[in-house]
Amino acid sequence: PGLQRTVSFTSIGLAKGTFPKHTHVPATVINAACYFDNEPPTVECIIEEIIRPLLVYERFSSVMDVDNCRCRPCRNKYEPKDFVRKIEIHGVTNLTNETIFKHHQDDLQNNRKDLPWWEILLIRNTANKGASACVIRVHHALADGISLVHAFHKILKTQAGDPLAASNHTTNNN
């Protein structure tokens with residue numbers, strides 16, 4: 001094995017918690033959602049296209065060891081399907097960020113039974129005839145929004161199977 005990556009001071013702080021435990025402020029979780037007009041992708045598709053490529057990265061395949069400022073292997077064995085949680089939302093006419101995040105902000109750090117601190121939610125809205133979402137939830141100690149975008153840019157592909165092309169973002173000052 002190669003050298004283990006040292007976890008940054010900021011990530012260790014986020015992993016330990018930014019507020020005292022008695023305040024019961026939950027850990028920060030970064031959420032990214034893709035919405036679909038119909039059924040979400042299958043679990044098999046999510047495993048092959050997202051989970052297996054992410055598990056190559058140490059932070060996505062191990063658990064934070066905050067006392068030693070590094071990532072450590074998980075004590076329990078896991079399967080890629082362990083990262084997917086299927087959820088149905090009933091009685092909601094419009095599937096929105098607010099609806100999803102209001103009902104599904106579980107603690108990734110303490111409720112994962114020694115799994116890495118991220119998951120994918122496959123959400124189906126039964127009240128909206130198949131409207132659905134795929135949400136990746138990552139503990140902020142593992143990634144921020146920018147690094148999550150970079151990780152996804154490396155693994156996501158076009159429908160033809162080609163890597164996504166980098167785009168230049170310009171600002172029009174007129």
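Whatever comes next refers back to the structure up there.
Keep in mind that this is a model prediction, so the values were computed, not measured. (Residues numbered from 1 in each chain as written. Predicted model: local features only at pLDDT ≥ 70, side-chain atom pairs only at ≥ 80, totals over all residues. Heavy atoms only, no water.)

### As for the overall build of the protein chain
Under the convention used in this document: Numbering goes from the N terminus for both helices and strands, where a helix is a DSSP run of H or I of at least four residues and a strand is a run of E of at least two. Remark: exposure states derive from per-residue accessible area (1.4 Å probe, protein chains only) relative to the maximum for the residue type, with buried under 20%, exposed over 50%, and partly exposed in between. What makes two residues a contact is simply this: any of their non-hydrogen atoms within 4.5 Å. Here the open area of atoms and residues is found with the Shrake-Rupley method and a 1.4 Å probe, where only the protein chains shown may cover a residue.
Per the secondary structure count, the protein chain includes five helices and six strands. Counted from the first residue to the last, the protein chain has its helices and strands arranged as α-β-α-α-β-β-β-α-β-β-α. A buried classification covers 37% of the 174 residues belonging to the protein chain. Long-range contacts, defined as pairs at least 24 residues apart, comprise 73% of the intrachain contacts of the protein chain with a sequence gap of at least 6. Accessible area of the protein chain: about 11,300 Å², with a carbon and sulfur share of 53%.

### Some remarks on helix α1 (residues 9-16)
To be explicit about the condition: By definition, the arc is the one covered by directions from the helix axis to the C-beta atoms.
Ser 11, Ile 12, Leu 14 and Ala 15 are the residues of α1 that are buried. Seen end-on, α1 carries its buried residues on one side only, within an arc spanning 160°. Facing away from the buried side of α1, by more than 90 degrees, are the exposed residues Phe 9, Thr 10 and Lys 16. Buried residues along α1 sit against α3 (58-61), β2 (63-65) and β6 (132-139).

### Brief notes about the sheet that holds strand β5 (residues 118-125)
The condition that has to hold: Criterion used throughout: strands pair if DSSP finds at least two bridges between them. Fitting a line to C-alpha atoms yields each axis, with helices limited to the stretch in contact; the angle taken between N-to-C directions then spans 0 to 180 degrees.
Spatially, β1-β6-β5-β4 is the arrangement adopted by the four strands of the open sheet, whose pairing is mixed. Strands at the two margins of the open sheet, each flanked by one partner only, are β1 (29-36) and β4 (84-89). Taken pair by pair, the neighbouring strands of this sheet meet at an average axis angle of 20°, ignoring direction.

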